[in-house]
Amino acid sequence: MKSNKVKIFILALVAGLVLLTGCTATKTVKTAATPVEDTSWMFHDIVDAKFVKAHMTVPMPENVMIVDARPYKGKYIKGHIPGAISIPFSQFDKKTNLLPKDKNVLLIYYCEGVKCKLSHKSAKKAEKLGYKNVKVYAKGYPEWIGLKGNYGSLSAEHVAKQIAANNTVIVDARPKKPKFDKGHIPTAISIPFSQFDALNGKLPRDLNTPVIFYCGGLKCRLSHKSAAKALEMGYTKVAVFAKGYPEWKKTYGASNETVQVQAGEVEGSIDLERFKSIIANNPESIMLIDVRDADEFAKGSFKTAVNIPIENLEPKIKGLPDDKPIVFVCPTGARSGEAYYMIKDVRESLKDVYYVEAEIDFKSDGNIEIKKPK
């Protein structure tokens with residue numbers, strides 16, 4: 001009996017403790033673990049803009065190569081770090097011949113900022129090829145072009161588009177008499193670097209006007225020095241065409257040649273008035289290809305034109321000459337435009353290729369009427 005009283009007392013004591021402590025069923029709250037960012041794709045050796053700038057000279061030293069891993073047409077031609085070569089990551093394996101033979105050369109890769117993986121992937125590939133001094137400028141071109149005192153370098157293709165758009169001032173920084181007067185990029189004005197301070201009044205008043213400087217190629221510093229002075233004056237959209245007049249001449253011909261620039265409003269088109277001038281005054285200076293069907297061609301065409309119907313063009317592209325500009329024509333610009341892009345896909349090395357974006361009426365009496373497209 002006594003033991004039962006003890007048991008009852010113990011049970012009552014436990015119940016009391018439960019009530020006092022408010023011991024009820026509780027749920028354990030789990031805090032979400034902070035996700036760990038995957039950085040395995042990043043290259044192990046990252047450098048900053050200061051490092052890049054410290055290794056840049058004009059011309060670039062033989063023991064340093066800066067490589068732009070972004071797409072060529074979409075990014076590189078519109079602006080890149082001066083001195084950088086283009087090896088898009090998507091074409092890395094096809095363009096290893098552009099890399100230096102010396103595996104000790106400093107390679108600096110960059111692309112489109114901290115979230116862009118192209119430079120990191122390229123750097124890893126370069127290391128696998130045996131290059132021993134590889135870096136990645138992770139913040140890339142977006143940071144570069146935004147830093148005070150920096151400017152971008154443009155390709156010939158983009159300079160041509162800027163000229164066609166007619167909203168950019170092109171400045172030749174070479175000496176006037178021995179260089180500019182003998183040949184220069186169309187629409188360019190002459191402001192020799194040696195006379196920059198005396199002639200900078202020729203620059204536009206609006207400091208937001210795009211200004212592109214060029215001189216005698218990758219070994220010429222005059223355009224870079226001029227660009228630096230323009231930035232000091234407060235111009236906000238300064239660039240250089242670092243390959244300069246030699247590259248322009250190679251790509252589009254000398255300034256006294258008939259076809260100087262891809263000046264049409266549509267990519268690949270030739271300026272319509274220029275085309276009319278060529279046909280009237282110097283038709284032999286271009287290879288004119290009529291891409292209409294044979295029966296259409298037989299009814300009349302330009303006197304110097306040859307007929308290669310669009311469906312027969314592709315297998316003949318490799319045999320086309322490269323000693324004069326090639327211009328495609330058809331009645332509307334549709335088939336000739338197709339021919340232009342076909343030749344770019346099959347034989348990209350052909351640079352002077354255009355098509356006529358116009359309405360062309362080949363009349364039965366032999367006359368040809370050319371109108372701007374509606």
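Observations regarding the overall build of the protein chain
Right, so step 1: Across its full length, the protein chain holds 12 helices and 16 strands.
Right, so step 2: Within the protein chain, counting contacts between residues at least 6 apart in sequence, those at least 24 apart form 64% of the total.
Right, so step 3: With the model as given, the accessible surface of the protein chain reaches about 21200 Å², and the carbon-plus-sulfur share is 54%.

Overview of the pairing of strand β5 (residues 134–137)
Right, so step 1: The side-chain alternation of β5 yields two buried faces, one formed by V134 and V136 and the other by K135 and Y137.
Right, so step 2: Of the pairings in the sheet, the one linking strand β1 (residues 46–47) to β5 comprises 2 bridges and is parallel in character. In the strand pairing of β5, I46 is matched with V136.
Right, so step 3: The pairing of strand β4 (residues 106–110) with β5 spans 4 bridges and is parallel.

Topic: a positive patch on the surface
Right, so step 1: A grouping of K73, K78, K161, K243, K250 and K351 is seen on the molecular surface, where their side chains present a positively charged patch.
Right, so step 2: For K250, the position within the fold is in helix α8 (residues 244–252).

Structural notes on the state of the cysteines
Right, so step 1: On inspection of all chains with the given rule, the structure shows 2 disulfides.
Right, so step 2: A sulfur-sulfur separation of 2.4 Å characterises the disulfide bridge that pairs C215 with C220. The S-S bond linking C215 to C220 shows a torsion near -135°; that makes this disulfide left-handed. No difference in accessibility class separates C215 from C220, as the two residues are buried.

Things to note about the sheet that holds strand β3 (residues 85–86)
Right, so step 1: One open sheet accounts for 5 strands, arranged β1-β5-β4-β2-β3; its pairing is parallel. Every interior strand has two partners, whereas the edge strands, β1 and β3, have only one.

Some thoughts on the packing of helix α5 (residues 156–165) against α8
Right, so step 1: For the pair α5 and α8, interaxial distance at closest approach is 10 Å and the crossing angle is 80°. One element, α5, and the other, α8, form an angle in the roughly perpendicular class. Here A156, E157, V159, A160 and I163 of α5 lie close against α8, whose contacting residues are E247, W248, T251 and Y252.

Some details on α8
Right, so step 1: Among the residues of α8, those classed as buried are G244, Y245, W248, T251 and Y252. Down the axis of α8, the buried set is contained in an arc of 130°. They therefore lie on one face.
Right, so step 2: Those residues of α8 that are buried lie in contact with α5, β9 (211–214), β10 (238–241) and β14 (353–355).
Right, so step 3: Among the residues trailing α8, G253 stands out with phi positive, at a value near 95°.

Quick notes on helix α12 (residues 334–346)
Each turn of an α-helix holds 3.6 residues, which means side chains three or four residues apart point in the same direction.
Right, so step 1: With 13 residues, α12 extends 19 Å between its outermost C-alpha atoms, agreeing within 8% with the 18 Å of an ideal straight helix rising 1.5 Å per residue.
Right, so step 2: Where α12 is concerned, the buried positions are S336, G337, A339, Y340, M342, I343 and K344.
Right, so step 3: At its buried positions, α12 is contacted by α11 (310–313), β13 (326–329) and β14.

Thoughts on the sheet that holds β13
Right, so step 1: The strand order across the open sheet formed by 4 strands is β12-β11-β13-β14, and the pairing between neighbours is parallel. Each edge of the open sheet is held by one strand with a lone partner, namely β12 (306–307) and β14.
Right, so step 2: In the sheet, β13 pairs with β14 via 3 bridges, with the strands oriented parallel. Paired with V327 across the strands is Y354, a residue of β14.

Describing the packing of aromatic side chains
Right, so step 1: One pass over the structure, following the stated rule, counts 7 aromatic pairs.
Right, so step 2: A ring pair is formed by Y340 and Y355, whose centres lie 5.9 Å apart and whose planes are at 40°; its orientation type is tilted. With Y340 in helix α12 and Y355 in strand β14, the pair connects residues that are 15 residues apart, well separated along the chain. Across the pair, exposure class does not vary: Y340 and Y355 are buried alike.
Right, so step 3: By way of ring pairs, the aromatic residues F275, F302 and F362 are connected into one cluster.
Right, so step 4: Over the aromatic face of Y131 sits the side chain of K103, whose NZ or CZ is 5.2 Å from the ring centroid.
Right, so step 5: Residue placement shows R292 over the ring face of F362; its charged tip is 3.8 Å from the ring centre.

Section: the pattern of salt bridges
Right, so step 1: This model, assessed by the stated rule, comprises 15 salt bridges.
Right, so step 2: Overlapping salt bridges, with partners in common, bring together D68, R70, K75 and E112 in one network.

Description of the layout of surface pockets
Right, so step 1: Counted as a void, the second largest pocket has a volume near 360 Å³.
Right, so step 2: In terms of lining, the second largest pocket is formed by 25 residues, of which the most central are I145, T236, K237, V238 and A239.
Right, so step 3: Looking at the lining of the second largest pocket, the elements with two or more residues in it are α4 (140–146), α5, β9, α7 (222–233) and β10.
Right, so step 4: The greatest single-element share of the lining of the second largest pocket, amounting to 3 residues, is contributed by α7.
Right, so step 5: Counted by class, the lining of the second largest pocket contains 13 nonpolar, 8 polar and 4 charged residues.

Regarding the pairing of β4
Right, so step 1: Burial analysis of β4 places 5 of its 5 residues in the buried class, the great majority of the element.
Right, so step 2: Here β4 shows no split at all, with L106, I108 and Y110 on one side and L107 and Y109 on the other all buried.
Right, so step 3: Handedness of the crossover is the feature at issue here: the chain leaves β4, passes through helix α3 (residues 118–128), returns alongside β5, and the resulting connection is right-handed.

Calculation notes
Residues numbered from 1 in each chain as written. Predicted model: local features only at pLDDT ≥ 70, side-chain atom pairs only at ≥ 80, totals over all residues. Heavy atoms only, no water. Helix = DSSP H or I, 4+ residues; strand = E, 2+ residues; numbered from the N terminus. Contact = heavy atoms within 4.5 Å. Areas by Shrake-Rupley, 256 points an atom, 1.4 Å probe, with all protein chains shown as cover. Buried < 20%, exposed > 50% of the residue type's maximum accessible area, 1.4 Å probe, protein only. Pairing = 2+ DSSP bridges. Patch = residues over 30% accessible without salt bridge, like charges linked within 9 Å, V, L, I, M, F, W, Y side chains within 5 Å. Salt bridge = Lys/Arg side-chain N within 4 Å of Asp/Glu carboxyl O. Lys, Arg positive; Asp, Glu negative; His and termini not counted. Charge placed at Lys NZ, Arg CZ, Asp CG, Glu CD. Disulfide = S-S within 2.5 Å. Axes fitted to C-alpha atoms, helices over the stretch in contact; angles between N-to-C directions. Parallel < 35°, antiparallel > 145°, perpendicular 65-115°, else oblique. Arc of directions from axis to C-beta. Expected span 1.5 Å × (residues − 1). Phe/Tyr/Trp six-rings, centres within 6.5 Å; stacked < 30°, edge-to-face > 60°. Lys NZ or Arg CZ within 6 Å of the ring centre and 35° of its normal. 1 Å grid on protein atoms, 1.4 Å probe; cavity = no way out; pocket = protein on both sides within 12 Å on 5 of 7 lines; lining within 4 Å. Points joined across faces, edges and corners; volume = space filled by probe spheres on them. Nonpolar A, V, L, I, M, F, W, Y, C, P; charged D, E, K, R; others polar. Right-handed = clockwise from strand over helix to strand, strands pointing away.

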